[in-house]
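Spelled out from the first residue to the last, the chains are:
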Amino acid sequence: MSTSDPDRTVDAETAESATDGRRLTPRQARRLRMALSSVGMAAMAVVLGLRIASRSSVLVVGVYGLALILCGVVIELSRNGRTRLGSWLLAVGLVAAVGSDWLLIP
């Protein structure tokens, strides 16, 4: 935002940068991250149900319960505009949950 044009708003700048088709607006990025987190949450709930059906363990509930909580935290971060932090947290957290399931749970 330049100081020579005080009437220009941040929304106008993001709309201009989104017209070239290469970048998402902040609102679109937040909605996309919230949708991906919701899909991740649903997937973790399904996997949790399948894993509990095959073997009930406190470790299974703990790993996938933390993954569900993580998805909820990412949705809240995205609502508050912390999209990049939420992206990294979602990626690292879900990889850690799947990795710990593969390594820790027999």
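Criteria and thresholds
- Residues numbered from 1 in each chain as written.
- Predicted model: local features only at pLDDT ≥ 70, side-chain atom pairs only at ≥ 80, totals over all residues.
- Heavy atoms only, no water.
- Axes fitted to C-alpha atoms, helices over the stretch in contact; angles between N-to-C directions.
- Helix = DSSP H or I, 4+ residues; strand = E, 2+ residues; numbered from the N terminus.
- Parallel < 35°, antiparallel > 145°, perpendicular 65-115°, else oblique.
- Contact = heavy atoms within 4.5 Å.
- Nonpolar A, V, L, I, M, F, W, Y, C, P; charged D, E, K, R; others polar.
- Left-handed = near helix turned anticlockwise from the far one by under 90°.
- Core = buried A, V, L, I, M, F, W, Y, C linked by side-chain atoms within 4.5 Å.
- Buried < 20%, exposed > 50% of the residue type's maximum accessible area, 1.4 Å probe, protein only.

Participant: Talk me through the packing of helix α3 (residues 58–79) against helix α4 (residues 83–104); I want residue IDs and the actual numbers.
Facilitator: Helix-helix packing is described using two parameters, namely the angle between the two axes and the distance between the axes. It is the contact of α3 with α4, at a shortest axis distance of 9 Å, that shows an interaxial angle of 170°. One way to sum up the angle between α3 and α4 is to call them roughly antiparallel. Each of L59, V63, Y64, A67, L70, C71, V73, V74 and L77 in α3 lies in contact with α4, whose residues at this interface are L85, G86, L89, L90, G93, L94, A97, S100, D101 and L104. The class makeup of the residues in the contact of α3 with α4 is 15 nonpolar, three polar and one charged.

Participant: A description of the environment of A97 should follow, citing residues and the corresponding values.
Facilitator: Along the chain, A97 falls in helix α4. Residues A97 and G65, 32 residues apart in the sequence, show an inter-C-alpha distance of 9.6 Å.

Participant: Can you break down the packing of helix α2 (residues 26–54) against α3 residue by residue, with the values?
Facilitator: At their nearest, the axes of α2 and α3 sit 9 Å apart, and the two run at 170° to each other. On the basis of the axis angle, α2 is roughly antiparallel to α3. Read as a crossing pair, α2 and α3 show a hand that is left-handed. A class-by-class count of the residues in the contact of α2 with α3 yields 15 nonpolar, five polar and four charged.

Participant: Any chance you could break down the nonpolar core for me, citing the residues and the numbers?
Facilitator: One finds M44, L48, V60, V63, Y64, A67, C71, V74, L90, L94, A97 and I105 forming the largest nonpolar core, which totals twelve residues. Listed by contribution, the elements that provide at least two residues to this core are α2, α3 and α4. The element that contributes the greatest number of residues to this core is α3, accounting for six residues.

Participant: Any details on the side chain of S78? Residues and values, ideally.
Facilitator: Counting through the fold element by element, S78 comes out in helix α3. When its relative accessible area of 0% is taken as the criterion, S78 is described as buried. The residues contacting S78, other than those within four sequence positions of it, are R30, R33 and M34.

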